Each structure stands twice: as structure tokens, then as C-alpha cells.
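# Overview (structure and organization)
Below, each chain spelled out in residue letters.
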Amino acid sequence: MKRRGPLRLDPGSYMRQPRFSAGLAFGRLTLAFTTVSDRLTQIFAKRVYPLFTRRFADQVRLINLGYEEDPPMGLSLPQSDEPGRFMIQLYHRTAAQVDLTGKRVLEVSCGHGGGASHVVRTLGPASYTGLDLNRAGIDFCRAAYDLPGLSFVHGDAQSLPFSDDSFDAVLNVEASHGYPDFPGFLAEVARVLRPGGHFLYTDLRPLPWIAQWEAAFADVPMRVLSERCIDEEVSRGLIGTAQRLHDLVAGRGPRYVLDVIRYGMVVYGKATLGPRRSSYRMYCLAKDEGSVG
Ligand SMILES: C[S@@+](CC[C@H](N)C(=O)[O-])C[C@H]1O[C@@H](n2cnc3c(N)ncnc32)[C@H](O)[C@@H]1O
């Protein structure tokens, strides 16, 4: 296969897009799926993620937009994790909001397990269970990671297959925008957390959905301990993520994949993170001490 030339992304490349490309179409389609209709979003979750897993899980072990601070976080990573740096940084900042040493952690929507593997290796939980709706992703995770305390379960975020009060912390990274029943998911998180346990959470919503998003937190027995808008950090991370994914796949993948990385991710990111379009936030919540199940 002919090797594609180097790609150097910069914020200006957001503005320079061809009139049509497979990547642009993918970006726009993804955007339409995830912002227009819950049903389309579920189709995306059930059909598109497994296809992506079968083709790319080995190379692409995280599936989020990424995160970078100014000055850069400079998280110390093994060379093998470098391609996923910005996506790992999103995990690290979200998970390290509380001390996870010796804790029982559940991650809902663990994708290809790259974030789970990082948290287990660096933040010292006693056990870590990754759950996802994508069965192919769970099969991949079970075969790819062999770390003490790390296990993977197939399941739905809105109906968690665990008993009440069974985890000290629940982690959820850039996935809840795809759940048709977000309040149902929050109720499940509150049920499986022990009283005093933490919900470590990050995701985005289009601006018209923000009021509904915030209202959902008021209906569960959890207190918001901190809330932070991370639009700038995610915009920075997105450029780094697209660059590194491109470098990773360049010369190995077909042209449309590079196109999807270059234009699909950037169009999606630009459209979702642009000013007055959406809000990307990071939360830390705690389950009320007196609350049962
Ligand atoms: C954007 S990916 C994020 C994956 C991972 N958190 C990461 O950052 O690498 C969204 C994930 O949510 C999962 N997902 C979508 N709907 C779900 C549901 N109802 N229950 C559990 N997982 C779901 C998808 O299969 C996918 O792995």
C-alpha cells in the first residue's frame, strides 16, 4: 500500500476542508447520529462500534477526543502508550479526582480497555471491572489485557448487572451522550455505589440539552462535589489525538481511514466543541452517606 505523506494538524486545519470526502461524510453522519436522535445513537452504538472494534481495536485502544492542558500535563507514559497520550490524559484527569488506591472500581463503557489498563497500572485500585455494550470490544479486552484485578463484563449502562452498594467508585468517560436513558443510567450508578462512593464522570452535550443534563443530577442521591468545563483542554487534545491516530494508521490503513481521522474527527470536534454549540464537562459526585442501594 502506498504510504501517505505526513499530516501536520494545527487549529487552522479546522478551517481548510475539502467540499466532500469520506471522512467529512463520516464526521457529519456521526454528528447527526449523536445529536439528533436517541434511536440513531443506539444504532450507532450497536452496529458501528463492533465494526470499528473488529477492524481497529488492536491499533486504537481508546475512543475519545482527548485532553491536554496548558502547560502540557506531561504524564509519564510507557512508549507503547504514547499513541493514546491525549485520550489517556482524559482518563487520568477524570479518574484521579479521588484516590483510587485499594478501591473497587467499575468503569461503564470501557470501549477497547486502553483507559482501564492505564488506571489499573497507575492508580492502584484493588479491582477494576470494565463494562461495555459492545460484545466484540469486551472479547477484545479479555484477550488483550492480563493485569491483576482487571476484568471485563458485557452489559448495558442502563441496567448494570451488579448488586447494590458493590463499588467504591464508578468511572464513565465520553460515553453517556449515547445512552437513550441518561437518568436511568445515573440511577444505576447510584444503586451500585456504596454510600460515600464516587462517580467520576466526563462527557459533552449540545447546548440545548444542558438544562436537561443538569436536571438529571438533581434526581439521584448523589452530590456534585466538583464540576469543570474542559472545552479548551478537549479542543487541544483533539488535535493531538487526530495527529497521533493518523501517524499510527499511516502506511497501514486504507485511505478512507486516514480521511476519517483527519476530517471526521476534526469536523465532529469542531462542530461539537465550537463556541456556543456544546459543553464538555468533568464531574466528581459522591453518593449520599445515608443512602441505600
Ligand atoms: C466514545 S466510546 C468511549 C469508550 C471509552 N470510554 C474510551 O474513552 O475509550 C463510547 C462507548 O460507549 C459504549 N456504549 C454505548 N452505549 C452503551 C450502553 N448503553 N451501555 C454500555 N456501553 C455503551 C460504546 O460501545 C463505546 O465503547
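Residues numbered from 1 in each chain as written. Predicted model: local features only at pLDDT ≥ 70, side-chain atom pairs only at ≥ 80, totals over all residues.

- In the nomenclature of an unreviewed UniProt entry, the protein corresponds to SAM-dependent methyltransferase from the organism Mycobacterium rhizamassiliense.
- According to its UniProt record, the protein has this under Function (unreviewed entry): "Catalyzes the methylation of the lipid moiety of the intermediate compounds phthiotriol and glycosylated phenolphthiotriol dimycoserosates to form phthiocerol dimycocerosates (DIM A) and glycosylated phenolphthiocerol dimycocerosates (PGL)."
- We quote the UniProt Sequence similarities (unreviewed entry) comment for the protein here in full: "Belongs to the methyltransferase superfamily. Phthiotriol/phenolphthiotriol dimycocerosates methyltransferase family." (UniProt positions renumbered as here; feature names shortened; annotations may be inferred.)

## Some thoughts on the overall build of the protein
- Across its full length, the protein carries nine helices and seven strands.
- Looking at the protein as a whole, 44% of its 293 residues are labelled buried.
- Counting contacts in the protein only where the partners sit at least 6 residues apart, residues at least 24 apart contribute 76% of the total. (Helix = DSSP H or I, 4+ residues; strand = E, 2+ residues; numbered from the N terminus. Buried ≥ 20, exposed ≤ 12 C-beta atoms within 10 Å, placed from the backbone. Contact = placed C-beta atoms within 7 Å.)

## A few points about the pairing of strand E2 (residues 127–132)
- Of all six residues in E2, five are buried; the element is thus mostly enclosed.
- With five bridges connecting them, strand E1 (residues 104–108) and E2 associate as parallel partners. Across the sheet, residue Leu-106 finds its bridge partner in E2, namely Thr-129.
- Here five bridges tie E2 to strand E3 (residues 150–154), and the two strands are oriented parallel to one another. Paired with Asp-132 across the two strands is His-154, which belongs to E3.
- For the segment spanning E2, helix H5 (residues 135–144) and E3, crossover handedness is right-handed. (Pairing = 2+ DSSP bridges. Right-handed = clockwise from strand over helix to strand, strands pointing away.)

## A short note on the packing of helix H3 (residues 85–95) against helix H4 (residues 114–123)
- For the pair H3 and H4, interaxial distance at closest approach is 10 Å and the crossing angle is 55 degrees. It follows from the interaxial angle that H3 and H4 lie oblique. Crossing of H3 against H4: the hand is right-handed. Contacts from Met-87, Ile-88, Tyr-91, His-92 and Ala-95 of H3 reach H4 at Gly-114, Gly-115, His-118, Val-119 and Leu-123.
- The residue inventory of the contact of H3 with H4, partitioned by class, reads six nonpolar, four polar and no charged. (Axes fitted to C-alpha atoms, helices over the stretch in contact; angles between N-to-C directions. Parallel < 35°, antiparallel > 145°, perpendicular 65-115°, else oblique. Left-handed = near helix turned anticlockwise from the far one by under 90°. Nonpolar A, V, L, I, M, F, W, Y, C, P; charged D, E, K, R; others polar.)

## Here's the deal with the site of the ligand
- If you check the shell around the ligand, you find 20 residues, and the closest are Asn-64, Ser-109, Gly-111, Ala-157 and Ala-175.
- A breakdown of the residues in the shell around the ligand according to their chemical character gives nine nonpolar, eight polar and three charged. (Near = placed C-beta within 6 Å.)

## Digging into the nonpolar core
- In this structure, Val-170, Val-189 and Phe-199 are the most contacted members of the largest nonpolar core, which totals 59 residues.
- Those residues in contact with Val-170 that sit more than four places away from it in its chain are Leu-106, Val-108, Val-189, Val-192, Leu-193 and Phe-199. (Core = buried A, V, L, I, M, F, W, Y, C linked by C-beta atoms within 7 Å.)

## Things to note about unusual backbone geometry
- Of note, the bond from Asp-70 into Pro-71 is cis; its omega dihedral lies within 30 degrees of zero at 5 degrees.
- Inspection of the secondary structure assignment puts Pro-71 in the loop between helix H2 (38–56) and H3.
- The phi dihedral of Ser-109 falls on the positive side, at around 70 degrees, and the residue is not glycine.
- With respect to the helices and strands, Ser-109 occurs in the loop between E1 and H4.
- Phi at Glu-174 is positive, roughly 45 degrees, even though this residue is not glycine.

## Here's the deal with the sheet that holds E3
- Strand order across the open sheet formed by seven strands is E3-E2-E1-E4-E5-E7-E6, with mixed pairing between neighbours. With one partner strand each, in any of the chains shown, E3 and strand E6 (222–229) form the two edges of the open sheet. Strand-to-strand twist of the sheet, defined as the mean angle between neighbouring strand axes without regard to direction, takes the value 20 degrees.
- Examined bridge by bridge, strand E4 (residues 167–173) and strand E5 (residues 193–206) share six bridges and lie parallel to one another.

## A look at the environment of Gly-290
- Looking at the secondary structure, you find Gly-290 in the segment after strand E7 (278–287).
- For the pair Gly-290 and Pro-195, spaced 95 residues apart in sequence, the C-alpha separation works out to 6.6 Å.

## A short note on the environment of Asp-139
- Note that Asp-139 resides in helix H5.
- By C-beta crowding, Asp-139 is classed as partly exposed, having 16 other C-beta atoms within 10 Å.

## Considering the pairing of E5
- Of all the 14 residues making up E5, 10 are buried; the element is thus mostly covered by neighbouring parts of the structure.
- Regarding topology, helix H6 (residues 182–192) serves as the crossover connection from E4 to the parallel E5, and that connection is right-handed.
- Of the strand pairs in this sheet, E5 and E7 are connected by nine bridges, and their pairing is antiparallel. Within the sheet, the bridge partner assigned to Tyr-201 lies in E7 and is Tyr-283.

## Some details on the confidence of the model for the protein
- Residues of the protein with pLDDT of at least 70 account for 76%, and the chain-wide mean is 84.
- Below pLDDT 50 for its whole length, residues 1–7 participates in nine contacts with residues either more than four positions away or in separate chains.
- Throughout residues 9–16 the model reports pLDDT below 50, and contacts reaching past four residues in sequence, or to other chains, amount to seven contacts. (pLDDT = per-residue confidence, 0-100.)

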